[in-house]
Amino acid sequence: TAYAQALTGVFNTAVAIIQQYLPIVIAGMELVHGDIYFLRELHEKTQREAALIMQRYMKFRRVKDIMGPEKKVDAAPAAAASGGGGGGGTGELSDTHAVLDELSLLIQYCTVYLKYTRMIWSGAENKQRKDASGAPVAALQVFKTPTKFHLMLDSVLHKYYMDGETALLHSNVSRVLT
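Below or above, wherever it landed, is the structure these notes cover. (Residues numbered from 1 in each chain as written. Predicted model: local features only at pLDDT ≥ 70, side-chain atom pairs only at ≥ 80, totals over all residues. Heavy atoms only, no water.)

Topic: the side chain of T147
Condition: Numbering of helices and strands starts at the N terminus; helices are DSSP runs of H or I of at least 4 residues and strands are runs of E of at least 2. The contact criterion used throughout is that any non-hydrogen atoms of two residues lie within 4.5 Å.
Tracing the backbone through its elements, the reader meets T147 in the loop between α5 (92-125) and α6 (148-177). Here T147 is in contact with H43, Q47 and W121, once residues within four sequence places are set aside.

Shown next, in the form of structure tokens:
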């Protein structure tokens, strides 16, 4: 989908910026934690762009209307629309399935980006630094997790995706049992 392409565009741009500019920042500003501040700023911008794409996707696909903690997928209309039990239902059930497929892809992209950034952050945080006199400098954290991006991803995963999968599973089981 266009949303998946937009999200990968944001993440790929962030990775390209890290790969191109982080070595330069480290070479020139390592003693003053320039790499930490660079990574913070880049992640802030990346998470803002990614969150905007995810919000637009959620609104466009009406995810809150299709699934969520209070929304239950009804197997009866789907079974009636497909001519009784057995066949793949239409309507609400197929909408839920399509959204879950798309959400799983978006969640996967977000997770891969977070794994990559955690690795980069860890390298910046664990670097042994010394000031001009040679004395060790205290380490800084890039971010105290969870960031806003972590919270947004957690919300999408647990509030919508997992509830949608659960509702779809219950719907399929109840359709088979009737």
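Considering the environment of G34
By the secondary structure assignment, G34 is in helix α2 (residues 34-60). Along the sequence, G34 and A124 sit 90 residues apart, while their C-alpha atoms lie 9.7 Å from each other.

Some words on the packing of aromatic side chains
What counts here: Any Phe, Tyr or Trp ring, taking Trp's six-membered ring, that has another such ring centre within 6.5 Å forms a pair; planes under 30 degrees apart are called stacked, those over 60 apart edge-to-face, and the others tilted. For every residue, the accessible area obtained with a 1.4 Å probe (protein chains only) is divided by the maximum for its type, and the residue is called buried under 20%, exposed over 50%, and partly exposed between those limits.
Under the defined criterion, the tally for this structure stands at six aromatic pairs. Here Y113 and F149 contribute two aromatic rings whose centre-to-centre distance is 5.9 Å and whose plane-to-plane angle is 85°, an arrangement assigned as edge-to-face. Residue Y113 is found in helix α5, and its partner F149 is found in helix α6; the two are separated by 36 residues along the sequence. Neither Y113 nor F149 differs from the other in exposure class; each is buried. Measuring from centroid to centroid gives 5.3 Å for W121 and F143, while their planes differ by 45°, and the two rings are tilted. Highlighted residues: W121 in helix α5 and F143 in the loop between α5 and α6, separated in sequence by 22 residues. By relative accessible area, which is 14% here, F143 ends up buried. The rings of Y3, Y57 and F60 are connected pair by pair, giving a single aromatic cluster.

Observations concerning the environment of M152
Here M152 lies in helix α6. On the accessibility criterion, M152 (17% relative accessible area) is buried. When neighbours within four sequence positions are excluded, M152 is seen to be in contact with A51 and M54.

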